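Geometric and topological summary
Residues per chain are reported as follows:
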Amino acid sequence: MIIIMERDATKSNIQAVIELLNSHGFKVIAHEGDVHTVIDALGDKTTLSPARIEAMDGVKQIKFIREPFRLASRDRKSEDTVIEFSNGVKIGGANRPVSMVGPCSVEENYDGLLQVAVAAKELGCQFLRGGAFKPRTSPYDFDGLGELGLQYLRKAADETGLLVVTELMDSTDLDLVCHYADVIQIGARNMQNFKLLKSVGHCNKPVILKRGPASTIREFLLAAEHIMYNGNEQVILCERGLKSFDSAFTRNLLDISAVPVIKKYSHLPIIIDPSHGTGQRYLIEPMAKAGLVVGADGVMVEVHYNPAEALSDGKQSLSIPQFKEVFAHLNTLIDTLHLEKSSTLSDVE
Ligand code: PEP
Ligand code: MN
């Protein structure tokens, strides 16, 4: 439940509510707003009668959240969460949708990575992505360069003015990955690795949480809830396709409807990954467009300097010339959508 305090509630009124909640085993998160203090009380409400809280001095209203994901729910927070980076880039709300691009894996050829980063910057992308710790289906496949890959990513991003997104697979690498990355990615296979979710909950970097290939939207939002419950509210969701019965033409089934569904039930930003979502490079442009049109806050796309020789996911990676062509089109759409969004908002004002 959420307890909204009166605008003139005193510090001791607020403290009394927090103490009562704590004594009944609730986890309490208090937000001091400009007007009201709002207290999130996470726990079993059968242990404490809401009427008892309602009767306390300084309490204005109690709201109950219908969804099991409470912190991530729109009922708790009606305005969109916006995640802001030190260079001014913002994800979510009425901000321009962002682009995160780069190879599936960071490889030995640093110059190839730099070529992608240079093109990305030219095309107005904000993030360089790439895996240094790779989850691979087969133990015989390339599983990443580890710290060297992180160093390459950081260097290429710094040389070009981009932010780094990279995957964390094991909480023992958290400090290492945080040292190099601006955004920590939790991959689809780890969406329900609850220990890993807890560990990124304790860090202060934004997290991209990818939807598990066989997860419902509710499970997806509950996975985000684990990160938020542990203290990190900077979560960016990523729809990246589901396993389906038909893999003849596509690797996964990209659930475009997840974008507006999540927008309805959650305030968290959501981006779309048409590369893993389809497994086919010719589908990247149409599916990225579809995701953006239904409201995605950004796209994640795999780009490799030479996809034929990529050590992972070459088939779904764009070459640099293809990347330039696709993003020339996507950027036009992004500009139009952004213009529409900002003018609708100013109409409302
Ligand atoms: C990736 O982004 O390279 C990746 C492994 O993605 P996913 O977890 O969605 O498969
Ligand atoms: Mn990949």
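Residues numbered from 1 in each chain as written. Chains lettered and ligands numbered in written order. Predicted model: local features only at pLDDT ≥ 70, side-chain atom pairs only at ≥ 80, totals over all residues. Heavy atoms only, no water.

**A few points about the site of ligand 1**
Worth spelling out the cut-off: If a single non-hydrogen atom of a residue is within 4 Å of a molecule or strand, that residue counts as near it. Here a polar contact is taken to be a pair of N or O atoms separated by no more than 3.5 Å, where protein atoms must pair a possible hydrogen donor with a possible acceptor and residues adjacent in sequence count only if both atoms sit in side chains. With residues, only the protein chains shown are counted as cover, and all accessible areas are computed by Shrake-Rupley using a 1.4 Å probe. In the cavity and pocket records, a cavity denotes points on a 1 Å grid over the protein atoms alone where a 1.4 Å probe fits but cannot get out, a pocket denotes an open set with protein on both sides within 12 Å along at least 5 of 7 lines, and lining residues are residues with an atom within 4 Å of a point. To qualify as sitting in a cavity or pocket, a molecule needs more than half of its atoms within 2 Å of the grid points. As a working rule, the residues Ala, Val, Leu, Ile, Met, Phe, Trp, Tyr, Cys and Pro are called nonpolar, Asp, Glu, Lys and Arg charged, and the rest polar, with Gly in that last group.
Every residue lining ligand 1 is accounted for by Cys104, Arg129, Lys134, Glu167, Gln185, Gly187, Ala188, Arg189, Lys210, Arg240, His276 and Glu302. With respect to ligand 1, the side chain of Gln185 contributes an N or O atom lying 2.9 Å from an oxygen atom. Considering ligand 1 on its own, with 290 Å² of exposed area, one finds that the protein chains cover 97% of that surface. According to the grid-proximity analysis, the pocket containing ligand 1 is the second largest pocket. Its residues assigned to classes, the shell around ligand 1 comprises two nonpolar, three polar and seven charged.

**Thoughts on the layout of surface pockets**
Selection criterion: Grid points are joined across faces, edges and corners, and a volume is the space filled by probe spheres set on the points. Helical segments are the DSSP runs of H or I of at least four residues, strand segments are the runs of E of at least two, and each set is numbered from the N terminus.
What the largest pocket holds in volume is close to 440 Å³. Along the walls of the largest pocket sit 21 residues, with His31, Val38, Arg76, Lys77 and Glu79 positioned nearest its centre. Within the residue set of the lining of the largest pocket, elements represented by two or more residues are strand S1 (2-5), strand S2 (27-32) and strand S3 (37-42). Partitioned by chemical class, the residues of the lining of the largest pocket number six nonpolar, six polar and nine charged. In this model, the second largest pocket occupies a volume close to 280 Å³. Forming the walls of the second largest pocket are 22 residues, and the residues nearest its centre are Lys134, Pro135, Arg189, His276 and Asp313.

**Some remarks on empty space enclosed by the protein**
This structure, assessed with the given rule, holds one cavity of 30 Å³ or more. Approximately 50 Å³ is the volume found for the largest cavity. As for the largest cavity, its lining consists of Pro103, Ser105, Val106, Glu107, Asn109, Gly112, Leu113, Val116, His304 and Tyr305. Among the residues forming the lining of the largest cavity, the class breakdown is five nonpolar, four polar and one charged.

**Observations concerning the domain arrangement of the chain**
Put simply, the rule is: Residue ranges for the domains trace back to a domain assignment, done automatically or taken from a database.
Segmentation of the chain into domains returns domain 1 (2-63) and domain 2 (83-348). Between the C-alpha centres of domain 1 and domain 2 there is a distance of 37 Å.

**Digging into the nonpolar core**
Which entries qualify depends on this criterion: Throughout, nonpolar core names a set of buried Ala, Val, Leu, Ile, Met, Phe, Trp, Tyr and Cys residues whose side chains join them through atoms within 4.5 Å. Throughout this description, buried means an accessible area under 20% of the type-specific maximum (1.4 Å probe, protein chains only), exposed means over 50%, and partly exposed covers the range between. Here, residues are in contact when the closest pair of their heavy atoms is within 4.5 Å.
Counting 75 residues, the largest nonpolar core has Val200, Leu209, Leu237, Phe323 and Phe327 as its most contacted members. The element that contributes the greatest number of residues to this core is helix H11 (residues 320-348), accounting for eight residues. For Val200, the contacting residues outside a window of four places in its chain are Leu168, Leu174, Ile184, Ile186, Val207, Ile227 and Asn232. With 16 residues, the next largest nonpolar core counts Met5, Leu20, Leu21 and Phe26 among its residues.

**A closer look at the packing of aromatic side chains**
Basically, it comes down to this: By convention, a stacked pair of Phe, Tyr or Trp rings (six-membered ring in the case of Trp) has centres within 6.5 Å and planes under 30 degrees apart, an edge-to-face pair has planes over 60 apart, and any other such pair is tilted.
Evaluation of the coordinates by the stated rule reveals three aromatic pairs. Aromatic pair Phe85 and Phe127: ring centres 5.3 Å apart, planes at 75°, arrangement edge-to-face. Highlighted residues: Phe85 in the loop between strand S5 (83-84) and strand S6 (90-91) and Phe127 in strand S8 (residues 127-129), separated in sequence by 42 residues. Taken together, a centroid distance of 5.0 Å and an interplanar angle of 70° make the contact between Phe323 and Phe327 edge-to-face.

**Observations concerning the coordination of the manganese ion (ligand 2)**
Applicable threshold: Metal donors: N, O and S atoms at distances within 2.8 Å, or within 3.2 Å for Na, K and Ca, with water omitted from the atom set so that some sites may seem incomplete.
The protein atoms that coordinate the manganese ion (ligand 2) are Cys104 (SG), His276 (NE2), Glu302 (OE) and Asp313 (OD), at distances of 2.0 to 2.3 Å. Mapped onto the sequence, the donors of the manganese ion (ligand 2) take the spacing C-x171-H-x25-E-x10-D. One end of the pair, Cys104, is in the loop between strand S7 (98-102) and helix H3 (110-122); the other, Glu302, is in strand S14 (residues 298-302), and 198 residues separate them in sequence. Here Cys104 falls in the buried class, since its relative accessible area comes to 3%. With a relative accessible area of 1%, Glu302 lands in the buried category.

**Considering the pairing of S3**
Heads up, the rule is: Any two strands are treated as partners once DSSP identifies two or more bridges connecting them.
Most of S3 is tucked away, with five of its six residues classed as buried. As judged from the three bridges shared by S1 and S3, these two strands associate in the antiparallel manner. Looking across to S3, one finds that Ile4 is bridged to Val38. As defined by bridge partners, S2 adjoins S3 across six bridges and the pair is classed as antiparallel.

**Let's talk about the sheet that holds S2**
To keep things clear, this is the line we draw: Convention adopted: a line fitted to C-alpha atoms gives each axis, helices being fitted over their contacting stretch, and angles between N-to-C directions are expressed from 0 to 180 degrees.
Pairing within the open sheet is antiparallel, and its four strands lie in the order S2-S3-S1-S4. Both outer strands of the open sheet, S2 and strand S4 (59-63), are each paired with one neighbouring strand and no more. For this sheet the average axis-to-axis angle between neighbouring strands, irrespective of direction, equals 20°. As judged from the four bridges shared by S1 and S4, these two strands associate in the antiparallel manner. Across the sheet, the residue bridging to Met5 is Val59, located in S4. The strands touched by helix H1 (residues 11-23) are S1, S2, S3 and S4; relative to S3, the strand with the most contacts, the crossing angle is about 5°.

**Examining the packing of helix H7 (residues 217-229) against helix H8 (residues 258-265)**
What counts is decided by this rule: What sets the label is the angle itself: under 35 degrees gives roughly parallel, over 145 gives roughly antiparallel, 65 to 115 gives roughly perpendicular, and the rest give oblique. It is the rotation of the near helix from the far one that decides the hand of a crossing: anticlockwise by less than a right angle makes it left-handed, clockwise makes it right-handed.
Here H7 crosses H8 at 55°, and the two axes come no closer than 11 Å. Comparing their axes, H8 and H7 come out oblique. Seen along the crossing, H7 lies across H8 with a hand that is right-handed. Facing H7, whose interface residues are Ile217, Phe220 and Leu221, H8 presents Ala258, Val261 and Ile262. Considering only residue class, the contact of H7 with H8 consists of six nonpolar, no polar and no charged.

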